[in-house]
Every structure is written in C-alpha cells, then in structure tokens.
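The chain contents come next:
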Amino acid sequence: MRRGNRVAVTGEVLKDTRFLRKYNIKVNEPLREHSPYGIGGNADFYAVAETAEDLSGILDSATKNDLRARVVGGLNSSIVSDHGIRGLTVRMAISGIEAVKNRATLGAGEPLGEAVARLAESGYGGLESFVGVADTVGGATAMNLGVGSEFFGKHVESVRLYSRGRLLEVSAEDLEFEPYRSRLLRTGEVVTHVVCRVVKRAEEDIRARMLKVQAERLKFRPGRGRSEERRVGKECR
C-alpha cells in the first residue's frame with residue numbers, strides 16, 4: 001500500500017505513515033459504504049474516532065503530516081460528491097449517554113433523536129423538541145440546530161472539545177450561540193461530549209410530549225409525513 005512515505009492510490013506524501021496503522025486508518029475508502037444514501041466517492045483516508053483520545057491522536061497526526069482533516073457525523077445530512085473527499089475524513093463515533101440528577105452527558109457521535117428517546121426511557125425529559133432528529137449531538141451543537149423556535153444550544157450547559165491539539169471543556173456562554181450557528185463553525189473546534197440540562201419526569205409524560213412534537217411537526221411537513229411518523233413513532237414507544 002505504501003512506498004516509503006508516499007501512499008499509493010492517493011499519492012499523498014506523509015512525513016510519518018505509522019499513524020495509519022495505529023488508528024486503523026483506511027486508504028481510498030468508499031464513502032458510499034458509510035452513507036445512509038449509498039452514494040458518494042472515496043475518501044483519501046478514512047478513520048473512525050470512538051474516544052476523545054483517539055480523536056485527538058488522529059487529528060494531531062494529520063496536522064504533523066500536513067494532511068487536511070474533516071470530521072463528519074453519520075453523513076445523514078450530507079450528500080458526498082462522486083469525486084469523494086480529499087485528505088482525511090474522520091467519522092465522529094464517540095457514544096455514550098449518562099444522566100445524573102438534572103444533567104446529561106452525551107457523546108458527540110450519538111444521533112440526537114435517539115439520545116432523546118433513550119433519556120426518556122430513564123425518565124429524563126426537556127429535550128422532547130428534538131425527537132426524530134437524525135443529526136448527531138456534536139453536529140446539532142456546532143450548528144445550534146433549531147426545531148421550530150427551539151434551539152439546541154438553549155439546553156447546553158458545557159461542551160468538551162478538541163481545540164488546537166488540546167482536549168478542554170468550555171461553557172455554553174463561550175460557544176457564542178446564535179440561531180443556526182456557534183463559534184465552532186468558525187474555529188473548527190470539534191465537539192467530543194455535550195452536557196445538557198434535563199428534567200426528571202414520568203416516562204409517560206415525556207412520551208406524550210414527544211408525540212405532541214411529532215404531530216406539530218407533521219403539520220408543516222406533509223410530504224414526509226408517513227416516513228417521519230414511522231421513525232418518530234418508533235422512538236416514542
């Protein structure tokens with residue numbers, strides 16, 4: 001696959017290729033195999049980050065090798081060109097949902113709608129407006145995703161992120177949330193975990209709120225009614 005420090009197929013010249021094996025980075029990986037739409041060209045390099053430490057190591061190695069890196073979620077909101085993506089594509093796969101009292105810590109790779117449903121199973125509400133949302137927690141935070149008049153940043157207390165070679169935690173105030181934007185879109189910092197404010201409620205009350213959100217949403221999206229109803233209904237059960 002490699003001749004010296006030149007990687008065959010992509011033609012990239014890397015200063016140190018050892019990180020490819022260390023982090024199980026694939027070369028010339030077909031992105032259609034990772035897209036829910038089954039389309040898209042190849043990524044020159046493709047990695048999966050399941051921990052904050054792995055994400056940091058992968059991105060640090062990319063910087064040392066002058067390799068452009070792009071972090072993506074589940075590709076649910078992106079259509080990949082048939083020309084693929086140059087440089088290193090890193091799929092955010094940090095998972096985990098932990099709720100204690102009125103705080104929930106969510107892995108950035110968790111689909112937000114599924115996280116809402118799983119919190120409901122444990123009797124934690126407050127995020128019902130985001131049931132059925134396919135975007136990852138990290139993506140929803142970076143773009144300050146809005147559903148109707150409700151924005152995700154309103155529920156964020158703090159965020160753990162990768163910033164210029166460091167893993168650190170910052171408060172929601174420091175993220176400069178505005179509708180559909182935050183400082184993260186400008187700085188390129190990458191979210192690893194999000195701490196949200198949640199409310200302890202009876203599970204049946206949370207499910208009722210989720211179903212109400214679904215009904216209101218379908219009023220404005222008639223063309224996607226049945227598929228949306230099936231997906232959100234499953235999460236509300």
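To keep things clear, this report deals only with the structure shown in the data block. (Residues numbered from 1 in each chain as written. Predicted model: local features only at pLDDT ≥ 70, side-chain atom pairs only at ≥ 80, totals over all residues. Heavy atoms only, no water.)

1. Structural notes on the sheet that holds strand S6 (residues 85–92)
Strand pairs in the sheet, formed through backbone hydrogen bonds, run parallel or antiparallel to each other.
At step 1: Strand order in the open sheet formed by four strands is S3-S4-S6-S5, and the pairing between neighbours is mixed. Among the strands making up the open sheet, the edge pair consists of strand S3 (26–30) and strand S5 (69–72). Strand-to-strand, the axes of this sheet are offset by a mean angle of 45°, without reference to chain direction.
At step 2: As judged from the four bridges shared by S3 and strand S4 (residues 42–49), these two strands associate in the antiparallel manner. In the strand pairing of S4, proline 30 is matched with asparagine 42. (Pairing = 2+ DSSP bridges. Helix = DSSP H or I, 4+ residues; strand = E, 2+ residues; numbered from the N terminus. Axes fitted to C-alpha atoms, helices over the stretch in contact; angles between N-to-C directions.)

2. Quick word on the packing of aromatic side chains
At step 1: Per the counting criterion, the structure on display carries two aromatic pairs.
At step 2: Plain terms: the ring middles of phenylalanine 130 and phenylalanine 152 are 5.5 Å apart, the flat faces sit at 85° to each other, and that makes the pair edge-to-face. Of this pair, phenylalanine 130 sits in the loop between strand S9 (124–125) and helix H4 (137–142) while phenylalanine 152 sits in the loop between strand S11 (150–151) and strand S12 (156–163); the two residues are 22 residues apart in sequence, bridging distant segments of the chain. No difference in accessibility class separates phenylalanine 130 from phenylalanine 152, as the two residues are buried.
At step 3: Measuring from centroid to centroid gives 5.0 Å for phenylalanine 151 and tyrosine 180, while their planes differ by 80°, and the two rings are edge-to-face. (Phe/Tyr/Trp six-rings, centres within 6.5 Å; stacked < 30°, edge-to-face > 60°. Buried < 20%, exposed > 50% of the residue type's maximum accessible area, 1.4 Å probe, protein only.)

3. Some thoughts on the packing of helix H3 (residues 112–121) against helix H6 (residues 203–219)
At step 1: Where H3 contacts H6, the two axes come as close as 8 Å, and the packing angle between them is 150°. Taken together, H3 and H6 sit at an angle that is classed as roughly antiparallel. Contact residues: Ala117, Ala120 and Glu121 in H3; Glu203, Ile206, Arg207 and Met210 in H6. (Parallel < 35°, antiparallel > 145°, perpendicular 65-115°, else oblique. Contact = heavy atoms within 4.5 Å.)

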